[in-house]
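Coordinate inspection notes
The primary structure of each chain is shown beneath.
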Amino acid sequence: EARGIIPVQTGSDSKPARFHSVTRFFKARPHRVVFPPVDDPECTWVPEAKTQLTKFPFIRRNDFVDAMAQLLSRTADSSYAAALDAVISAARRSR
């Protein structure tokens, strides 16, 4: 076990099943998933993330999609959402 990494039990659902369960977050307002602009120099991960999302499940490297699905499923619980909001607020203040 690596320091600072928390193992997550994904259960018996497949990656496509886990992602399908959170697709509502990409459609729902006001709490839908929004990405920074592709040309933002601080967000070099965005192009790869969008490629994985648009080609999923027919792309070999799809760990971003699965990680996002797991994050979204956990943030659906208000305690995780509150914690995530706190982390985002702290990151914005530190800029």
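Residues numbered from 1 in each chain as written. Predicted model: local features only at pLDDT ≥ 70, side-chain atom pairs only at ≥ 80, totals over all residues. Heavy atoms only, no water.

**Comments concerning the pattern of salt bridges**
The condition that has to hold: Salt bridges, as used here, are contacts in which a Lys or Arg side-chain nitrogen is within 4 Å of a carboxyl oxygen on Asp or Glu. Where helices and strands are cited, they refer to DSSP runs of H or I of at least four residues and of E of at least two residues respectively, numbered from the N terminus. Buried residues are those whose accessible area, probed at 1.4 Å on protein chains only, stays under 20% of the maximum for their type, while exposed residues exceed 50% and partly exposed ones sit between those limits.
Scanning all chains against the criterion turns up two salt bridges. Its salt-bridge partner being Asp63, residue Lys15 comes within 3.1 Å of it at the nearest N-O pair. Pair noted here: Lys15 is in helix 1 (residues 15-20) and Asp63 is in helix 3 (residues 63-75), with a separation of 48 residues, a long-range link. Look at Asp63 and you get exposed, because its relative accessible area is 56%. In this structure, the salt-bridge partner of Asp66 is Arg18, at a minimum N-O distance of 2.8 Å. Residue Asp66 is found in helix 3, and its partner Arg18 is found in helix 1; the two are separated by 48 residues along the sequence. We classify Asp66 as buried; its relative accessible area is 9%.

**Focus: the packing of helix 2 (residues 46-55) against helix 3**
Stated formally: Only the stretch in contact is used when fitting a helix axis, every axis being a line fitted to C-alpha atoms; angles between N-to-C directions are given from 0 to 180 degrees. Angle categories are assigned with fixed cut-offs, so that under 35 degrees is roughly parallel, over 145 is roughly antiparallel, 65 to 115 is roughly perpendicular, and the rest are oblique. Note on contacts: a residue pair is in contact if any heavy atoms of the two residues lie within 4.5 Å.
Viewed as axis vectors pointing N to C, helix 2 and helix 3 meet at an angle of 85°, and their least axial separation amounts to 8 Å. Considering their axes alone, helix 2 and helix 3 lie roughly perpendicular with respect to each other. Contacts from Ala49, Gln52 and Leu53 of helix 2 reach helix 3 at Asp63, Phe64, Val65 and Met68.

**What to know about the side chain of Gln52**
Filter applied, for reference: For this analysis, a polar contact is any N or O atom pair within 3.5 Å, provided that within protein one partner can donate a hydrogen and the other can accept it, and provided that sequence-adjacent residues contribute only side-chain to side-chain pairs.
Examined against the element boundaries, Gln52 turns out to sit in helix 2. Reaching out from Gln52, the side chain makes a polar contact with the backbone nitrogen of Asp63 at a distance of 3.4 Å. Setting aside anything within four residues of it in sequence, one finds Gln52 in contact with Ile59, Arg61, Asn62, Asp63, Phe64 and Val65.

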